[in-house]
Amino acid sequence: MAVPQEPVLNGNENITQTYQYSSPKDTRTRHLLKNGSSTQSQDGDYLHISITTLDKNRRDPVFKFKAITNLPRYRNSSYSLIERSYAEFERLFNALTYSNPECIVPALPFSSSSYQATEDDERRIKHSMQQWVNRVAMNPVLCHDEELRSFIETDFAFIPAIKLRKRASSFRLKFSYDIRDEDKALVHAKSIAHILEGHFLNTAKTIQKLAGYRKGLSTFNYELGTKSIAMGTVEKHPPLSSGLRKFGKTLQIISERQKLQAISESAILGDFFSYYAINSHVVKETLANRLRIISEHDDAVKNTISKRRYIERLKSSTNIKSDKVNEALEDLDYAKSYEQNLDARVKNVTKNLHTELKIYEENRAQDFFNAVKDYVKKQILFEKQQLNEWENLKPDIKAITKRNMHIYAFGDEKLDAKAVAEKLKM
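Residues numbered from 1 in each chain as written. Predicted model: local features only at pLDDT ≥ 70, side-chain atom pairs only at ≥ 80, totals over all residues. Heavy atoms only, no water.

Looking at an unreviewed UniProt entry, the protein chain carries the name PX domain-containing protein, with the source organism given as Rhizophagus clarus.

Written out as structure tokens, the structure reads:
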């Protein structure tokens, strides 16, 4: 018996490459942001990355891709064959997140999907990674990052030049109670990200349970089909025998479709909500990391005040040494410059995070719409396929009722239907 194949939709999920188009208009850029496509920046700079191949036969999946760019500092304008493992993508993600606190770097897609080592699995992974590199390449800050350039240009394994350190987790316990964040919008966004992280995770678990129950239903349907076929082989009445066997085969086919249906809903919706649980965590940690910069700025302000007070004490001193005065003035100038730089950085990070949050919300809404749309289409196709199997069974069921079903062979006796029913009750 042929195993039914999962229906394939013609949609965004089948696209493994997304090409970029330049436009000076904000409306065009925003439209492309919604669709997860990369685009040229308004000054004409661009970075196009196209994933061509995924090799899952290794311990760590390897992606092959090509890139073209006109960004400064790149040695070439075209790179035809680049190979990077999933672990190297993880290093890139961590480096981009650490070096660019003003950006919300999308969470790295999973290295596998719930399709589990099938063509659909490879297609899904390639599509997700293509979408990720598109969103990184289109970001006007991230596309100029030196680690991204090194990721594309290095001849061997990619290792970030910066030494990464833990971000918000260790810092939160020390500073969160002392720092006052006056940007209510970002405070609210951080709270919402924390709430959504829990909701996404719980929803993903529920979908996995639903898929598990559907697989269980598939197993029971298959068992019922097997027993129905076995019953049909010993049944003496020809129409009933044929009907039981075909009913059993129909149940087995539907069982296979239900198994594929369970895998599909786990991959489309379950993986989506699992990914966005991690993405919400990334947003929360990015907004929390902003507090570290605010804390550094507060410390710089306190240090500048301390330097000023020290100079005031020197002025009131009766014994003033010129070398101490010069040193104190240099320290004050350095402290003021450092404070101003941090103040500018806090303002830049805060301003850019507002923009990044808007883009993130648009991408999330679009991804959610695409996932639900894909899920609904797949469910309709599966249900139609099952309905078609039941429709094909109708002639065989009708044949049973049309051919002398008022007389049964019950042992050696000839009994009508009423007598058979009475004997079955005994």
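The next thing to look at is the overall build of the protein chain. Helix and strand counts for the protein chain come out as nine helices and five strands. When the helices and strands of the protein chain are read in sequence order from the N terminus, they spell out α-β-β-β-α-α-α-α-α-α-α-β-β-α. The burial tally for the protein chain puts 44% of its 426 residues in the buried class. Once local pairs closer than 6 in sequence are excluded, the contacts in the protein chain between residues at least 24 apart make up 73%. Summed over all atoms, the accessible surface of the protein chain reaches about 24,400 Å², with 54% contributed by carbon and sulfur. (Helix = DSSP H or I, 4+ residues; strand = E, 2+ residues; numbered from the N terminus. Buried < 20%, exposed > 50% of the residue type's maximum accessible area, 1.4 Å probe, protein only. Contact = heavy atoms within 4.5 Å. Areas by Shrake-Rupley, 256 points an atom, 1.4 Å probe, with all protein chains shown as cover.)

Here the focus is the packing of helix H2 (residues 86-99) against helix H4 (residues 146-153). Where H2 meets H4, the axes come as close as 9 Å, and the angle between the chain directions of the two elements is 165°. The angle between H2 and H4 falls in the class roughly antiparallel. The way H2 lies across H4 gives a crossing that is right-handed. Contacts between H2 and H4 involve Glu-88, Phe-89, Leu-92 and Ala-95 from the former and Glu-147, Leu-148 and Phe-151 from the latter. (Axes fitted to C-alpha atoms, helices over the stretch in contact; angles between N-to-C directions. Parallel < 35°, antiparallel > 145°, perpendicular 65-115°, else oblique. Left-handed = near helix turned anticlockwise from the far one by under 90°.)

One face of the sheet, then the other: side chains in a regular strand alternate in exactly this way. The sheet contact formed by strand S1 (residues 47-55) and strand S2 (residues 62-69) spans eight bridges and is antiparallel. If you follow Thr-53 over to S2, its bridge partner there is Lys-64. Between S1 and the antiparallel strand that follows it, S2, lie six residues. Here six bridges tie S2 to strand S3 (residues 78-85), and the two strands are oriented antiparallel to one another. Paired with Phe-63 across the two strands is Arg-84, which belongs to S3. (Pairing = 2+ DSSP bridges.)

Tallying each qualifying case throughout the model produces 18 aromatic pairs. With 5.3 Å between their ring centres and 85° between their planes, Phe-151 and Phe-158 make a pair best called edge-to-face. Accessibility expressed as a relative area gives 0% for Phe-158, which makes it buried. On the basis of an interplanar angle of 5° and a centroid distance of 6.4 Å, the ring pair of Tyr-334 and Tyr-338 is categorised as stacked. Taken as a pair, Tyr-334 and Tyr-338 lie in helix H8 (residues 322-402) at a separation of four residues, close to a single helical turn. According to the relative accessible area criterion, Tyr-334 is exposed, its value standing at 60%. (Phe/Tyr/Trp six-rings, centres within 6.5 Å; stacked < 30°, edge-to-face > 60°.)

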